[in-house]
Amino acid sequence: MTLPPGKYSNAELAWFRSIFDQYYESIRSFAYYKTGDVDLADDIVQEVFLKLWTNRNDVKGDTVKSLLYTIASNTIKNHFKHQKVVYNFQKQEQSNEFSDEADSDLRQEELNRKLQDALAEIPEKSREVFLMNRIEGLTYSDIADRLGLSVKTIEKRMSEALSILRSRISYKI
Amino acid sequence: MKTEEDNILKGSSEDNFDEILRISSNLKVPASSQGKEASWDKLMHSIEEDSIDEVKVIPLLASRKLWYSVAATLLVLIAVTSLTYRYTTVEFHLAKGQKTSKFLPDSSEVKLNSESKIVYRRFGWLSNREVSLNGEAFFCVKHGSQFTITTEFDRKVIVTGTKFNVLARGDHFEVKCFDGSVNVQISSKKIISLTKGVGLTINKPGELPSQIKLDSIAEPTWIKGEFYFNNISLNIVLDELSRQFNIAIKTDGFAPSARNYTGFFKNNHLVKALDLICIPMELTYQISSDSTRVIIKK
């Protein structure tokens, strides 16, 4: 880690690095939930952390988390034209204990595709809540914290996401 | 049949949904093409550039640009305003010892006494028939022409086509009507009409005007270089003397404003003029070798 010259202390840099370590993946994921574009997500991560750095003197410890998400939301809103997202989530490596059928892999693949298309149909705000919960395993209260919303709102969005998913996923597979 | 199908559908739907949820938990955001450490390095690079360029240079540049544009705008405004003023107003300013005759845009003639200034608009004369005067001038107004002469203390002479003399020097204000009639506005409420052979004089602001009777002459005597005074404050007389001969006058041992003078002088001979004033007032005088300064003593 190089230490570029400038008007800031090592303590500031150390603090920044710890925030980066803590939230890099989450913010990148969040940007991906919103845009469905990996490269865009990388760019957004850059912008978000740069803005955090620029405003580092105004940031108080416990507001960092929600501030990062707010900056991310605003950056995406302001800079990137809203497009229909096309997800390309990867599957986590796992021992497939559910595959008790021969055509399981194929079936899973199809379901997976269906799911990702259906996800794109969920309104953005509910979708990101759903994905934060499902993919990152964040609790409702943690999500509420990060987005600066109430747990009630998270619950509402979660249930909206679920009901849309339910209606979009066909049983005829 | 129908309910059975419903149940099957529902059951299979629930199964699917559970599976969907399971799958969704196992999804993963695709890996970044650059990776976390590369992302951090890029951030550090940007921060470095920021701390050098953005934080120091860019805001300064922006504010400098702003100031440059403000300054440029002001300069243009000042230039345009002064050019407009310069080219649309006409100003005659006579120095001491000078005398001249000018014509206004309506071809009325103005004879200016020494150390006098008139300003009027070159353009827009029709919409703004106003001549500002500081000093003394004799107006021979073209018949039927109308305009207003403004002087200090908001005193105005409203012209209705006549010959008249206006004197406005500091506190001293005097209008003499030589032909026709003229209206003099002393204050916003008080207008005095003067007819041929009548004049008015005000020595101090706020003082009531006193009337003057003119001898039956066609024009003020100053035009011929003769200056008559009838019980006039000596400092006014000395001012006129200084004006006509372009000399600096110093007084010593007495207050000219406290004494009044009655008499006359001509502006063609300094010694004669000084004698005419000083002898009756029991004053003595000295003229400097280059004839630019005079000291008057008691």
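Residues numbered from 1 in each chain as written. Chains lettered and ligands numbered in written order. Predicted model: local features only at pLDDT ≥ 70, side-chain atom pairs only at ≥ 80, totals over all residues. Heavy atoms only, no water.

Engineer: Tell me what's going on with the overall build of chain A, and back it up with residues and numbers.
Structural biologist: A tally of regular secondary structure across chain A gives seven helices and one strand. Reading chain A from its N terminus to its C terminus gives the helix and strand order α-α-α-β-α-α-α-α. Counting all 173 residues of chain A, 45% fall into the buried class. If you sum the accessible surface of chain A, you get close to 9,300 Å²; carbon and sulfur atoms cover 48% of it. (Helix = DSSP H or I, 4+ residues; strand = E, 2+ residues; numbered from the N terminus. Buried < 20%, exposed > 50% of the residue type's maximum accessible area, 1.4 Å probe, protein only. Areas by Shrake-Rupley, 256 points an atom, 1.4 Å probe, with all protein chains shown as cover.)

Engineer: Run through the overall build of chain B, naming residues and quoting values.
Structural biologist: When helices and strands are tallied, chain B shows four helices and 19 strands. Per-residue burial for chain B yields a buried fraction of 38% across its 298 residues. Taking the intrachain contacts of chain B between residues at least 6 apart in sequence as the baseline, contacts between residues at least 24 apart amount to 46%. With the model as given, the accessible surface of chain B reaches about 16,900 Å², and the carbon-plus-sulfur share is 54%. (Contact = heavy atoms within 4.5 Å.)

Engineer: An account of the pattern of salt bridges is requested, with residue identities and associated values reported.
Structural biologist: The tally for this structure, following the rule as stated, stands at 16 salt bridges over all chains. Linking Asp21(A) and Lys36(B) is a salt bridge whose minimum nitrogen-to-oxygen distance equals 3.1 Å. Note that Asp21(A) is positioned in helix 1 (residues 10-35) and Lys36(B) in helix 2 (residues 36-88), a pairing that runs across two chains. Under the relative-accessibility criterion, Asp21(A) is labelled partly exposed at 38%. Across the pair Lys176(B) and Glu174(B) runs a salt bridge whose closest N-O atoms are separated by 3.1 Å. (Salt bridge = Lys/Arg side-chain N within 4 Å of Asp/Glu carboxyl O.)

Engineer: Residue-level account of the confidence of the model for chain B, with values.
Structural biologist: Residue and element names in this part refer to chain B. Summing up the model confidence of chain B, the mean pLDDT is 79 and the portion of residues at 70 or higher is 86%. Here residues 1-11 scores under 50 on pLDDT; set against residues more than four positions off or in separate chains, the count is one contact. Here residues 53-58 scores under 50 on pLDDT; set against residues more than four positions off or in separate chains, the count is seven contacts. (pLDDT = per-residue confidence, 0-100.)

Engineer: Any chance you could break down the nonpolar core for me, citing the residues and the numbers?
Structural biologist: One finds Phe16(A), Tyr33(A), Phe49(A), Leu68(A), Phe89(A), Leu119(A) and Leu165(A) to be the most contacted residues of the largest nonpolar core, which totals 62 residues. Looking at which element gives the most residues to this core, the answer is helix 1 of chain A, with eleven residues. When residues of this core are sorted by domain, at least three fall in each of domain 1 (10-79) and domain 2 (104-168) of chain A. In this structure Phe89(A) touches Tyr32(A), Tyr33(A), Gln116(A), Leu119(A), Leu131(A), Ile135(A), Leu27(B), Lys28(B), Val29(B) and Pro30(B), once residues within four positions along its chain are discounted. (Core = buried A, V, L, I, M, F, W, Y, C linked by side-chain atoms within 4.5 Å. Domains from an automatic or database assignment.)

Engineer: Tell me what's going on with the sheet that holds strand 19 (residues 293-297) of chain B, and back it up with residues and numbers.
Structural biologist: All names here are of chain B. The mixed open sheet is built from three strands, whose spatial order is 16-19-18. With partners counted over all chains shown, the strands left at the sheet margins are strand 16 (248-252) and strand 18 (284-287), one partner each. When the angles between neighbouring strand axes are averaged without regard to direction, this sheet yields 20°. Pairing analysis gives five bridges linking strand 16 to strand 19, with the strands arranged parallel. Bridge pairing in strand 19 links Ala-248 to Arg-293. (Pairing = 2+ DSSP bridges. Axes fitted to C-alpha atoms, helices over the stretch in contact; angles between N-to-C directions.)

Engineer: Tell me about the packing of aromatic side chains, and name the residues and values.
Structural biologist: Evaluated as defined, the whole model comprises 16 aromatic pairs over all chains. Between Tyr228(B) and Phe264(B), the aromatic rings sit 5.1 Å apart at their centres with planes inclined by 15°, giving stacked as the arrangement. Of this pair, Tyr228(B) sits in strand 15 (residues 226-233) while Phe264(B) sits in strand 17 (residues 260-266), placing them 36 residues apart in sequence. Clustering of aromatic rings is evident, with ring pairs tying together Trp15(A), Phe16(A), Phe20(A), Tyr24(A), Phe49(A), Trp53(A) and Trp40(B). Positioned over the ring face of Trp40(B) is Arg17(A), at 4.7 Å from the centre of the ring. Its guanidinium or amino end placed over the ring of Trp53(A), Arg56(A) lies 3.9 Å from that ring's centre, counting from NZ or CZ. (Phe/Tyr/Trp six-rings, centres within 6.5 Å; stacked < 30°, edge-to-face > 60°. Lys NZ or Arg CZ within 6 Å of the ring centre and 35° of its normal.)

Engineer: Before we move on, could you go through the packing of helix 1 of chain A against helix 2 (residues 38-54) of chain A and cite the residues and values that matter?
Structural biologist: A pair of packed helices is characterised by two quantities: the angle between their axes and the separation of those axes. Interhelical geometry of helix 1 of chain A versus helix 2 of chain A gives an angle of 145° and a closest axis separation of 8 Å. Handedness of the crossing formed by helix 1 of chain A with helix 2 of chain A: right-handed. (Left-handed = near helix turned anticlockwise from the far one by under 90°.)

Engineer: Describe in detail the side chain of Glu174(B), supporting the description with residues and values.
Structural biologist: All names here are of chain B. Relative to the helices and strands, Glu-174 resides in strand 10 (residues 172-179). Look at Glu-174 and you get buried, because its relative accessible area is 8%. In this structure the side chain of Glu-174 is engaged in a polar contact, spanning 3.1 Å, whose partner is the side chain of Lys-176. Not counting chain neighbours up to four residues away, the residues in contact with Glu-174 comprise Asn-165, Val-166, Leu-167, Leu-200, Thr-201 and Ile-212. (Polar contact = N/O pair within 3.5 Å; in protein donor to acceptor, adjacent residues only side chain to side chain.)

Engineer: Outline helix 6 (residues 140-147) of chain A, listing residues and values.
Structural biologist: Within helix 6 of chain A, the full set of buried residues consists of Asp142(A), Ile143(A), Ala144(A), Arg146(A) and Leu147(A). Taken from the residues just after helix 6 of chain A, Gly148(A) is the one with a positive phi, measuring 65°.

Engineer: Requested: an account of the pairing of strand 5 (residues 117-121) of chain B, with residues and values cited.
Structural biologist: Residues and elements named next belong to chain B. Inspection of the sheet shows strand 2 (residues 89-93) paired to strand 5 by five bridges, in the antiparallel sense. Across the sheet, residue Glu-91 finds its bridge partner in strand 5, namely Val-119. The pairing of strand 5 with strand 6 (residues 130-140) spans four bridges and is antiparallel. Each bridged residue has a counterpart across the sheet, and for Lys-117 the counterpart in strand 6 is Asn-134.

Engineer: Run through the layout of surface pockets, naming residues and quoting values.
Structural biologist: All names here are of chain B. As a volume, the largest pocket reaches approximately 930 Å³. Forming the walls of the largest pocket are 30 residues, and the residues nearest its centre are Glu-174, Lys-176, Tyr-228, Phe-229 and Asn-230. Those elements that place two or more of their residues in the lining of the largest pocket are strand 9 (163-169), strand 10, strand 14 (210-213), strand 15 and helix 3 (234-245). In terms of residue count, strand 15 provides more of the lining of the largest pocket than any other element does, seven residues in total. Per-class residue counts for the lining of the largest pocket are twelve nonpolar, eight polar and ten charged. (1 Å grid on protein atoms, 1.4 Å probe; cavity = no way out; pocket = protein on both sides within 12 Å on 5 of 7 lines; lining within 4 Å. Points joined across faces, edges and corners; volume = space filled by probe spheres on them. Nonpolar A, V, L, I, M, F, W, Y, C, P; charged D, E, K, R; others polar.)

Engineer: Tell me about the pairing of strand 3 (residues 100-103) of chain B, and name the residues and values.
Structural biologist: Residues and elements named next belong to chain B. As paired strands, strand 3 and strand 4 (residues 109-112) are joined by four bridges and run antiparallel to one another. Bridge assignment links Phe-103 to a residue of strand 4, and that residue is Glu-109. Remark: five residues form the turn of the hairpin made by strand 3 and strand 4, two consecutive strands paired antiparallel; Ser-107 in that turn has positive phi of roughly 65°.

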